[in-house]
Amino acid sequence: MPIDATGPDKLKQVWSMLYAVYPDLHLVVDDLIAAGDKIVVRNTVTGTQLGEFMGAAPTGRTVTYNEIFIFRFIDGRVAETWGVVDVLAQMRQIGLLER
């Protein structure tokens, strides 16, 4: 997902793109762990693909996938972010890849 912004504007672009694909996007926090200057979040995401995803036309299929993010804070603000999103699960569930 190419994004030409940084900071809060980047986050806004990411969420806009996600809601364009999955307008009913729902995120459940499965684990939230804080240690030192970092917070780790493991999420389960569900949504119905009603927008184009990686060139695939909307399928109307519901997807469920997992993601993990690590946020590092400085002075109460996010300074760095690392994340892993199970895009493979999304691709399989909307029919872009066979299992």
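Rules of the game
Going along each chain's sequence as written, the residues are numbered from 1 onward. Reporting in this predicted model follows two pLDDT cut-offs: at least 70 for local features of residues, and 80 or more for side-chain atom pairs to be given and counted; totals over whole chains, interfaces and linings ignore these cut-offs and use all residues. Remark: hydrogens and water are excluded; side-chain values derive from all non-hydrogen atoms of the structure. Any residue with relative accessible area above 30% and no salt bridge may belong to a patch, with like charges joined within 9 Å and the nonpolar Val, Leu, Ile, Met, Phe, Trp and Tyr side chains within 5 Å. In short, Shrake-Rupley with a 1.4 Å probe defines the accessible areas, and a residue's cover is counted only from the protein chains shown. Within this document, salt bridges are pairs made up of a side-chain nitrogen of Lys or Arg and a carboxyl oxygen of Asp or Glu, the two lying within 4 Å of each other. Comment: elements are numbered from the N terminus, with helices defined as DSSP H or I runs of at least four residues and strands as E runs of at least two. The classification of residues rests on relative accessible area computed with a 1.4 Å probe and restricted to protein chains. Under 20% of the type maximum is buried, over 50% is exposed, and intermediate values are partly exposed. Strands qualify as paired when DSSP identifies two bridges or more between them. Here the aromatic set is Phe, Tyr and Trp, taking the six-membered ring for Trp, and pairing holds for ring centres within 6.5 Å; pairs whose planes are under 30 degrees apart are stacked, those over 60 apart are edge-to-face, and all others are tilted.

Let's talk about a nonpolar patch on the surface
In step 1: Nonpolar side chains collect at one region of the surface, where Leu11, Trp15, Tyr19, Leu27, Val29 and Leu32 lie side by side and expose about 570 Å² of accessible area between them.
In step 2: Looking at the nonpolar patch, the elements that each hand over two or more residues are helix H1 (7–21) and strand S1 (26–35).
In step 3: Summarising the element assignment, Leu32 is placed in strand S1.
In step 4: When its relative accessible area of 60% is taken as the criterion, Leu32 is described as exposed.

Here's the deal with the pairing of strand S2 (residues 38–48)
In step 1: As judged from the nine bridges shared by S1 and S2, these two strands associate in the antiparallel manner. Within S2, the residue paired with His26 across the bridge is Thr46.
In step 2: The turn joining S1 and S2, which pair antiparallel and follow one another in sequence, is formed by two residues; a positive phi near 60 degrees is taken by Gly36.
In step 3: Pairing between S2 and strand S3 (residues 62–74): 11 bridges, direction antiparallel. Paired with Val41 across the strands is Phe69, a residue of S3.

As for the packing of aromatic side chains
In step 1: Counted under the stated rule, the structure contains four aromatic pairs.
In step 2: Ring centres of Tyr22 and Phe53 lie 6.2 Å apart, and the angle between their planes is 45 degrees; on these two criteria the pair is classed as tilted. Within this pair, whereas Tyr22 is found in the loop between H1 and S1, its partner Phe53 is found in the loop between S2 and S3, the two being separated by 31 residues in sequence.
In step 3: Ring centres of Phe69 and Phe71 lie 6.1 Å apart, and the angle between their planes is 20 degrees; on these two criteria the pair is classed as stacked.
In step 4: For Phe69, a relative accessible area of 21% puts it in the partly exposed group.
In step 5: For Phe71, a relative accessible area of 25% puts it in the partly exposed group.
In step 6: Pairwise contacts between aromatic rings join Tyr22, Phe53 and Tyr65 into one cluster.

Details of the environment of Thr81
In step 1: Turning to its location among the elements, Thr81 is positioned in strand S4 (residues 77–85).
In step 2: Note on Thr81: relative accessible area 45%, which makes it partly exposed.
In step 3: Separated by 51 residues in the primary sequence, Thr81 and Asp30 have C-alpha atoms spaced 18 Å apart.

Side note on unusual backbone geometry
In step 1: Even without glycine at this site, Met54 takes up a positive phi of about 50 degrees.
In step 2: Position of Met54 among the secondary structure elements: in the loop between S2 and S3.
In step 3: Residue classification places Met54 among the exposed residues on the basis of a relative accessible area of 53%.
In step 4: Here the phi dihedral of Asp75 falls at roughly 50 degrees; this positive angle occurs in a residue that is not glycine.
In step 5: The exposure class assigned to Asp75 is exposed, which follows from its relative accessible area of 76%.

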